[in-house]
Amino acid sequence: MGKIKAKKAIQKLKETAKNTQLTIHCVVGTITSEITQSAAGQLPSLNQLKRTVQRIRKIKTCASRRTRRAPLFSIKIWNCYSMLDDNIPRTNNSVEGWHNSFNSMLSAHHPSIWTFITALKKEESLNRFKIEQYTAGFEPPKKKKYKDSTIKLKKICDDYKN
């Protein structure tokens, strides 16, 4: 009679662990408080009961993770496939390069307002000069490794399209 009650108690423990979010101690406590003394001697040790609850909950969470979650950012945001056709840069390296050159122009982490204004004026004159060069038809050369990688990627995309 005690073994049957102990088996029923373990089944109830498994169901409670699966269907509720009670702490492990609460799940084990509710089962052990409802059982009689004769059946309590047939139960596994307290540590084994706790491990049973943990195992049941682990199986439940692993089974629910078999499907993928929705991505944090959609593919349209981070996909660079269409950028190759439009000759748009795939990285923000140019922005980082500008930031580095502007910081070296300032030559201080926290410049005064006058130093900052002077640096902005220098940057403006440099940009005006570059605009004049672009309108005259001069385009700065790109590094060979970036040209090669762009050509390879365009070839792969063209092969994919066809």
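Just so we're clear, the structure is a prediction, and the values are computed from it rather than from any experiment. (Residues numbered from 1 in each chain as written. Predicted model: local features only at pLDDT ≥ 70, side-chain atom pairs only at ≥ 80, totals over all residues. Heavy atoms only, no water.)

Q: It is not clear to me how the overall build of the protein should be interpreted in this structure. Could you clarify?
A: Summing up its helical and strand segments, the protein has nine helices and zero strands in all. Radius of gyration (C-alpha) of the protein: 34 Å, far over the 15 Å computed for a compact globule of 162 residues. Principal-axis analysis of the C-alpha atoms gives the protein an extent of 100 × 55 × 20 Å. Considering only residue pairs separated by 6 or more positions, the protein has 62% of its internal contacts joining residues 24 or more positions apart. (Helix = DSSP H or I, 4+ residues; strand = E, 2+ residues; numbered from the N terminus. Rg over C-alpha atoms; globule rule 2.2 N^0.38 Å. Contact = heavy atoms within 4.5 Å.)

Q: Can you walk me through a nonpolar patch on the surface in this structure?
A: There is a patch of nonpolar side chains on the surface, built from L72, F73, I75, I77 and W78 and spanning about 640 Å² of accessible area. Along the chain, the position of F73 falls in the loop between α4 (46-64) and α5 (75-78). (Patch = residues over 30% accessible without salt bridge, like charges linked within 9 Å, V, L, I, M, F, W, Y side chains within 5 Å. Areas by Shrake-Rupley, 256 points an atom, 1.4 Å probe, with all protein chains shown as cover. Salt bridge = Lys/Arg side-chain N within 4 Å of Asp/Glu carboxyl O.)

Q: Just checking my understanding: could you explain the confidence of the model for the protein for this structure?
A: Caution applies to low-pLDDT regions: their predicted coordinates should not be interpreted in detail. Chain-level pLDDT for the protein is 82 on average; 91% of the residues reach the 70-or-more range. Confidence, read as mean pLDDT per element, is least for helix α3 (residues 37-40) in the protein (69) and greatest for helix α8 (residues 113-136) (94). (pLDDT = per-residue confidence, 0-100.)

Q: Quick question: what am I supposed to make of α8 here?
A: Along an α-helix, a turn takes 3.6 residues, which lines up residues three or four apart on a common side. Over its 24 residues, α8 runs 35 Å from end to end, which matches the ideal 34 Å to within 8%, given 1.5 Å per residue. Following α8 by one or two positions, G137 adopts a phi angle in the positive range, close to 105°. (Expected span 1.5 Å × (residues − 1).)

Q: Would you explain the packing of helix α7 (residues 93-106) against α8 in this entry?
A: The relative placement of two packed helices comes down to the angle between their axes together with the axis-to-axis distance. Remark: α7 packs on α8, axes separated minimally by 9 Å, with the N-to-C direction vectors making an angle of 130°. In terms of their interaxial angle, α7 and α8 are classed as oblique. Our pair here, α7 against α8, has a crossing hand that is right-handed. For the pair formed by α7 and α8, the contact residues are W98, F102, M105 and L106 on the first element and T115, F116, A119, L120, K122 and E123 on the second. (Axes fitted to C-alpha atoms, helices over the stretch in contact; angles between N-to-C directions. Parallel < 35°, antiparallel > 145°, perpendicular 65-115°, else oblique. Left-handed = near helix turned anticlockwise from the far one by under 90°.)

Q: Would you take a moment to explain the pattern of salt bridges for this structure?
A: Pairing between side chains becomes possible if they bear opposite charge and their charged atoms approach one another. Inspection of the entire model under this criterion finds three salt bridges. Here R128 ties to E124 by a salt bridge, and the two come within 2.9 Å at their closest N and O atoms. A residue pair is termed a helical-turn pair when its members lie 3 or 4 positions apart in one helix, as R128 and E124 do in helix α8 at four residues.

Q: What exactly am I supposed to notice about the environment of I131 here?
A: For I131, the position within the fold is in helix α8. The sequence separation of I131 and D158 amounts to 27 residues, and the corresponding C-alpha distance is 33 Å.

Q: Please clarify how the side chain of T16 should be interpreted in this entry.
A: Among the structural elements, T16 can be located in helix α1 (residues 2-19). Looking at T16, the relative accessible area reads 16%, which means it is buried. Within polar-contact distance, the side chain of T16 engages the backbone oxygen of K12 at 2.7 Å. For T16, the contacting residues outside a window of four places in its chain are L22, V27 and I31. (Buried < 20%, exposed > 50% of the residue type's maximum accessible area, 1.4 Å probe, protein only. Polar contact = N/O pair within 3.5 Å; in protein donor to acceptor, adjacent residues only side chain to side chain.)

Q: Where do I start with the packing of aromatic side chains in this structure?
A: Two aromatic rings, taken as a pair, are described by how far apart their centres are and by the angle between their planes. Within the structure shown, the criterion is met by two aromatic pairs. Ring centres 5.1 Å apart and planes at 15° place the aromatic pair W98 and F102 in the stacked group. Separated by four residues within a single helix, W98 and F102 lie in helix α7, roughly one turn from each other. A centroid spacing of 6.1 Å and a plane angle of 90° characterise the contact between F102 and F116, whose relative ring orientation is edge-to-face. Here F102, found in helix α7, pairs with F116, found in helix α8; they are 14 residues apart in sequence, far enough to count as distant. Assessed through its relative accessible area of 7%, F102 is described here as buried. Overall, the relative accessible area of 33% leaves F116 in the partly exposed class. Feature note: the residues W98, F102 and F116 constitute an aromatic cluster, connected by ring pairs. (Phe/Tyr/Trp six-rings, centres within 6.5 Å; stacked < 30°, edge-to-face > 60°.)

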